[in-house]
Amino acid sequence: MFASAEIGIDLGTANILVYTKAKGIVLNEPSVVAIDTKTKQVVAVGTEAKEMVGKTPRHIVPIRPLKDGVIADYDVTAQMLKVILKKVSKKLGTSLRKPTVVVCTPSGSTTVERRAIHNAVKSFGAKEVHLIEEPIAAAIGAGLPVEEPIASVIVDIGGGTSEVAIISFGGVVSCRSVRTGGDKMDEAIVQYIRKKFNVLIGERTAENIKMEIGYALIEHEEESMEVRGRDLVTGLPKVITVTSTQVQAAIRESLEAILETVHATLEDCPPELSGDIVDNGVTITGGGALIKGMQEWLSSEIYVPVHLAPSPLESVAIGTGQSLKMIHKLEKAVK
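The sections below set out a description of the structure shown in this document. (Residues numbered from 1 in each chain as written. Predicted model: local features only at pLDDT ≥ 70, side-chain atom pairs only at ≥ 80, totals over all residues. Heavy atoms only, no water.)

Let us now look at the overall build of the protein. Of regular secondary structure, the protein possesses eleven helices and 18 strands. In terms of overall dimensions, the protein has a C-alpha envelope of 60 × 55 × 35 Å along the principal axes. Within the protein, the proportion of its 335 residues that are buried is 53%. Excluding contacts between residues fewer than 6 apart, the proportion of contacts in the protein whose partners are at least 24 apart in sequence is 61%. (Helix = DSSP H or I, 4+ residues; strand = E, 2+ residues; numbered from the N terminus. Buried < 20%, exposed > 50% of the residue type's maximum accessible area, 1.4 Å probe, protein only. Contact = heavy atoms within 4.5 Å.)

Below, the structure written as structure tokens:
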């Protein structure tokens, strides 16, 4: 079997990443599809579709077919995967015929949700489809020794869900998932600005604010940025100045929900593995791990070292692709 026939897919709420053994990450695009409601045809997928958000005529609707890490719209997801596979084939310069695909699923997903992911991937012509739990994929991608009888703690803060897992000997010992992630933080920023300034901003603007001046709950030198939106009183465009302290207040609830999940998972840890956690600490990954001060804040709250994964945004995709060699062992852990 040639290398390009084996691919790993991180089917994320915010982004889809595709990994091949030969070339590593070959595709990283937003999980957005633009649909023409008149013809029911897919107009654009990925980056092109994300750029259309909030800027299209009424009959063209950009939608996100994945919600909280699971499939919300089956047909659109299947169409999106077909387009994604074509893009990957183009980049590799070879057609991917009946590839073996490993896809990650959130640890809290139900059998029905997993079946939907399996069927959607199978429908675009995959020969075999293997499912792997997202925290295990993130841990492998972050370079943690998941196969050894040592506790590896991974905190994966994604777009739709945040997952915390203690992994030892190739399986999940304790795991908690909360449907709070980057998207909830963006929504919270939109609502906060609406209440405080009477100005309506879009999701993309909220995401930019979070990335530019978003801070975890730590003391820091205040930063500010100019934001453009629509004044809800006059209906006219308006420019306001938002500070990092205000963004901190907006995302506080989401961050506390993630911290609570970390606490609950660590409390479930068998005593024998607790010692490993004190020594090795916790690894954070996912887009949310890149919020300024995240490492420092988590470390001060859970009193163990907190490490940032080498490629937080790509950890799950890398781990999904690399897991092919140990897939049978992992599948037993998933079932």
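All right, on to the nonpolar core then. In a soluble, globular protein the nonpolar side chains are often hidden away together inside. Membership of the largest hydrophobic core comes to 43 residues, with the highest contact counts inside it found for Ile189, Ile193, Ile201, Ile209, Val242 and Trp297. Broken down by element, this core gets its largest block of residues, seven residues, from helix H7 (residues 244-267). What Ile189 contacts, discounting residues up to four positions off in sequence, is Ile201, Ala206, Ile209, Lys210, Val247, Ala250 and Ile251. (Core = buried A, V, L, I, M, F, W, Y, C linked by side-chain atoms within 4.5 Å.)

Glancing now at the side chain of Ser109. With respect to the helices and strands, Ser109 occurs in the loop between strand S9 (100-105) and helix H3 (111-122). In this structure Ser109 comes out as buried when scored by relative accessible area, which is 9%. Of the polar contacts made by the side chain of Ser109, one reaches the side chain of Arg114; its length is 3.2 Å. Setting aside chain neighbours within four positions, we find Ser109 in contact with Val70 and Arg114. (Polar contact = N/O pair within 3.5 Å; in protein donor to acceptor, adjacent residues only side chain to side chain.)

With that settled, the discussion passes to the pattern of salt bridges. A full pass over the atoms with the stated rule returns twelve salt bridges. In this structure, the salt-bridge partner of Asp268 is Arg176, at a minimum N-O distance of 2.8 Å. Placement of Asp268 in the loop between H7 and helix H8 (271-280) and of Arg176 in strand S13 (residues 171-178) is noted, with a sequence separation of 92 residues between them. Residue Asp268 is classed as partly exposed on the basis of its relative accessible area of 42%. (Salt bridge = Lys/Arg side-chain N within 4 Å of Asp/Glu carboxyl O.)

Let us now look at helix H6 (residues 203-213). If you check which residues of H6 are buried, you get Ala206, Ile209, Lys210 and Ile213. Relative to the axis of H6, the buried residues are bounded by an arc of 110° and lie together on one face. Those residues of H6 that are buried are in contact with helix H5 (182-197), strand S15 (224-231), strand S16 (237-243) and H7. (Arc of directions from axis to C-beta.)

Relative to S15, strand S14 (residues 199-200) runs antiparallel, the two sharing two bridges. Along S15, the bridge assignment pairs Leu200 with Arg230. Two strands pair when backbone bridges link them, and S15 and S16 are joined in this way by seven bridges, in the antiparallel orientation. Residue pairing in the sheet places Arg230 in a bridge with Pro237 of S16. Where S15 folds back onto S16 in an antiparallel hairpin, the turn is made up of five residues, including Gly235, whose phi is positive at roughly 80°. (Pairing = 2+ DSSP bridges.)

What follows deals with the sheet that holds S16. Pairing is antiparallel across the open sheet formed by three strands, whose spatial order is S14-S15-S16. What marks the edges here is a single partner per strand, and that holds for S14 and S16. Where H5 meets the sheet, its contacts fall on S14 and S16, and the angle it forms with S16 comes to roughly 110°. (Axes fitted to C-alpha atoms, helices over the stretch in contact; angles between N-to-C directions.)

This part is about helix H4 (residues 134-141). With eight of its eight residues buried, H4 lies for the most part within the structure. Turning to H4, its buried residues are Glu134, Pro135, Ile136, Ala137, Ala138, Ala139, Ile140 and Gly141. Positioned one or two residues after H4, Gly143 has a phi angle of 80°, which is positive.

Turning our eyes to something else, we now look at the sheet that holds strand S3 (residues 24-30). As summarised here, the arrangement of the five strands in space is S3-S2-S1-S9-S10, forming an open sheet in which the pairing is mixed. One side of each edge strand has no neighbouring strand; the edge strands of this open sheet are S3 and strand S10 (128-133). Pairs of neighbouring strands in the sheet enclose a mean axial angle of 20°, with direction left out of account. Across five bridges, the pairing between strand S1 (residues 6-11) and strand S2 (residues 15-20) is antiparallel. Looking across to S2, one finds that Ile9 is bridged to Val18. Across the sheet, helix H2 (residues 74-92) touches S1, S2 and S3, and the angle it forms with S3 is around 140°.

Helix packing geometry: the angle between the two helix axes and the distance between the axes. Between H7 and helix H9 (residues 294-302), the shortest axis-to-axis distance is 11 Å and the interhelical angle comes to 45°. With respect to their mutual orientation, H7 and H9 come out oblique. For the crossing formed where H7 meets H9, the hand is right-handed. On H9, the residues touching Leu255, Glu256, Leu259, Val262, His263 and Leu266 of H7 are Met294, Trp297, Leu298, Glu301 and Ile302. Grouping the amino acids of the contact of H7 with H9 by side-chain chemistry returns eight nonpolar, one polar and two charged. (Parallel < 35°, antiparallel > 145°, perpendicular 65-115°, else oblique. Left-handed = near helix turned anticlockwise from the far one by under 90°. Nonpolar A, V, L, I, M, F, W, Y, C, P; charged D, E, K, R; others polar.)

Tallying each qualifying case throughout the model produces zero disulfides. Between Cys104, a free cysteine, and Cys175, which holds the nearest cysteine sulfur, the sulfur-to-sulfur gap is 13 Å. On the basis of relative accessible area, Cys104 is assigned to the buried category, the value being 1%. Cys175 provides the cysteine sulfur closest to Cys269, a residue in no disulfide bond, and the two sulfurs are 13 Å apart. (Disulfide = S-S within 2.5 Å.)

Nothing here speaks to function; it is geometry throughout.
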